[in-house]
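Okay, here's what each chain looks like letter by letter:
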Amino acid sequence: DTGVSQNPRHKITKRGQNVTFRCDPISEHNRLYWYRQTLGQGPEFLTYFQNEAQLEKSRLLSDRFSAERPKGSFSTLEIQRTEQGDSAMYLCASSLMPGQETQYFGPGTRLLVL
Amino acid sequence: SQKIEQNSEALNIQEGKTATLTCNYTNYSPAYLQWYRQDPGRGPVFLLLIRENEKEKRKERLKVTFDTTLKQSLFHITASQPADSATYLCALVKGGKLIFGQGTELSVKP
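Residues numbered from 1 in each chain as written. Chains lettered and ligands numbered in written order. Predicted model: local features only at pLDDT ≥ 70, side-chain atom pairs only at ≥ 80, totals over all residues. Heavy atoms only, no water.

A.B. asks: Can you help me understand the pattern of salt bridges in this one?
C.D. replies: When the charged atoms of two side chains lie near each other, side chains of opposite charge can form a pair. Residue and element names in this part refer to chain A. Using the criterion set out here, one finds nine salt bridges over all chains in the structure. In this structure, the salt-bridge partner of Arg-64 is Asp-86, at a minimum N-O distance of 2.8 Å. Residue Arg-64 is found in the loop between strand E6 (53-57) and strand E7 (65-68), and its partner Asp-86 is found in the loop between strand E8 (75-79) and strand E9 (88-95); the two are separated by 22 residues along the sequence. With a relative accessible area of 11%, Arg-64 lands in the buried category. Accessibility expressed as a relative area gives 3% for Asp-86, which makes it buried. Salt bridges here are not isolated pairs; linked through shared partners, they connect Arg-64, Glu-83 and Asp-86. (Salt bridge = Lys/Arg side-chain N within 4 Å of Asp/Glu carboxyl O. Helix = DSSP H or I, 4+ residues; strand = E, 2+ residues; numbered from the N terminus. Buried < 20%, exposed > 50% of the residue type's maximum accessible area, 1.4 Å probe, protein only.)

Right, dumping it as structure tokens:
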């Protein structure tokens, strides 16, 4: 069990550029979640997958955001035409289903949009 | 919509004392509630889960209570240590996803 990993750990980009983050969940975990966290706040839910199916998307996830989990293993989160308001920590978590309510978080990707 | 609130002010206590953190929620009746620890620049780490039919749960120096009438959970760390300094997050589970409070920062001074 190597834990949830995220890459890159830090990303600095200019406004208007596209960025993509990767998350590798704990192997055998069916569910994968994306959250966003800004300074002084708790993580906010963005979206989650069960295997390769995206089951729910938050209203926070504008059209500029897209997430995929093509083979039910790793996931990517892409932000197009980044804005300064996108600056945040993007966290990925995974859990076993069914009946496993505990989510295991990765270290996060910190995004700074200049 | 569901709302979950924690003490927004940082909690400063002396080593050896008991730290008590509060989590209140509204507009929802969760089947269970979770507590996580988060260190600066890192992802949250799961600590404890308590179900609606459990009044209290313990794990080593940690204790969580869950009062579904008051819609409140209390998180206690006994015999606190400087290594307990971190932000503590409570979260309720809805439809599989977690809804977090804003977290309470705990600082334990030697």
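Back to the text.
A.B. asks: What is the right way to read the pairing of strand E1 (residues 3-6) of chain B from this model?
C.D. replies: Remark: a regular strand shows side chains that alternate across the two faces of the sheet. All names here are of chain B. Burial along E1 is one-sided: Ile-4 and Gln-6 are buried, while Lys-3 and Glu-5, pointing the other way, are not. Judged from the four bridges that link them, E1 and strand E3 (residues 19-26) form a sheet pairing that is antiparallel. Within E3, the position partnered with Lys-3 by the bridge is Thr-26. (Pairing = 2+ DSSP bridges.)

A.B. asks: Got a minute to help me understand the state of the cysteines in this structure?
C.D. replies: As used in these notes, a disulfide is a covalent bond between sulfur atoms, one from each of two cysteines. In total, this model carries two disulfides over all chains according to the counting rule given. Linked covalently through their sulfurs, Cys-23 of chain A and Cys-92 of chain A form a disulfide whose S-S length is 1.8 Å. Disulfide Cys-23 of chain A-Cys-92 of chain A: the torsion about the S-S bond is -70°, which places it as left-handed. Within this pair, whereas Cys-23 of chain A is found in strand E3 (residues 19-24), its partner Cys-92 of chain A is found in strand E9, the two being separated by 69 residues in sequence. By relative accessible area, which is 0% here, Cys-92 of chain A ends up buried. Paired by a disulfide, Cys-23 of chain B and Cys-90 of chain B hold their sulfur atoms 2.0 Å apart. Taking the sign of the S-S torsion, 70° for the link of Cys-23 of chain B and Cys-90 of chain B, the bridge is right-handed. Highlighted residues: Cys-23 of chain B in strand E3 and Cys-90 of chain B in strand E9 (residues 86-94), separated in sequence by 67 residues. (Disulfide = S-S within 2.5 Å.)

A.B. asks: Please clarify how the interface of chain A and chain B should be interpreted in this entry.
C.D. replies: Interface size is commonly expressed as the accessible surface area that is lost when the partners come together. Contact with chain A, which involves 20 residues of that partner, is made by 19 residues of chain B. Both sides of the chain A and chain B interface together cover about 1,400 Å² of buried area, and 52% of this is carbon and sulfur. Its largest share of buried area at the contact with chain B, chain A owes to Pro-43, Glu-101 and Phe-105 of chain A, together 34% of the area lost on that side. Residues Glu-56 of chain A and Lys-97 of chain B are paired through a salt bridge, measuring 2.7 Å at the closest nitrogen-oxygen approach. Inspection of the region where chain A meets chain B yields four residue pairs in polar contact (both at pLDDT 80 or more). (Contact = heavy atoms within 4.5 Å. Buried area = accessible area lost by both parts, 1.4 Å probe. Polar contact = N/O pair within 3.5 Å; in protein donor to acceptor, adjacent residues only side chain to side chain.)

A.B. asks: Where do I start with the layout of surface pockets in this structure?
C.D. replies: The gaps left among the atoms become clear once a water-sized probe is rolled over them. Estimated volume of the largest pocket: approximately 620 Å³. Surrounding the largest pocket, 22 residues form its lining, Glu-44, Phe-45 and Leu-60 of chain A together with Gln-2 and Ile-99 of chain B being those nearest its centre. Within the residue set of the lining of the largest pocket, elements represented by two or more residues are strand E5 (44-50) and E6 of chain A together with E1 and strand E10 (97-100) of chain B. When the residues that make up the lining of the largest pocket are grouped by side-chain class, the tally is seven nonpolar, seven polar and eight charged. Around the second largest pocket, the lining is made up of 24 residues, and of these Gln-37, Leu-39 and Gly-40 of chain A together with Gln-38 and Thr-87 of chain B lie nearest the centre. Going through the elements one at a time, E9 and strand E11 (104-109) of chain B are the ones with two or more residues in the lining of the second largest pocket. At four residues, the largest contribution of residues to the lining of the second largest pocket is made by E11 of chain B. (1 Å grid on protein atoms, 1.4 Å probe; cavity = no way out; pocket = protein on both sides within 12 Å on 5 of 7 lines; lining within 4 Å. Points joined across faces, edges and corners; volume = space filled by probe spheres on them. Nonpolar A, V, L, I, M, F, W, Y, C, P; charged D, E, K, R; others polar.)

A.B. asks: Is there a simple way to explain the packing of aromatic side chains in this structure?
C.D. replies: What characterises a pair of aromatic rings is the spacing of the ring centres plus the angle enclosed by the ring planes. In the structure shown here, the tally under the stated rule is 14 aromatic pairs over all chains. Consider the rings of Tyr-36 of chain B and Phe-46 of chain B, whose centres lie 5.7 Å apart with planes at 75°: the pair is edge-to-face. Residue Tyr-36 of chain B is located in strand E4 (residues 32-38), and its partner Phe-46 of chain B is located in strand E5 (residues 45-51); the two are separated by ten residues in the primary sequence. Linked through ring pairs, Tyr-33, Tyr-35, Phe-45, Tyr-48 and Phe-105 of chain A together with Tyr-36, Phe-46 and Phe-100 of chain B together constitute an aromatic cluster. Lying across the ring of Phe-74 of chain A, Arg-22 of chain A places its NZ or CZ 3.9 Å from the centre. (Phe/Tyr/Trp six-rings, centres within 6.5 Å; stacked < 30°, edge-to-face > 60°. Lys NZ or Arg CZ within 6 Å of the ring centre and 35° of its normal.)

Function cannot be read off these values alone, since they describe shape.
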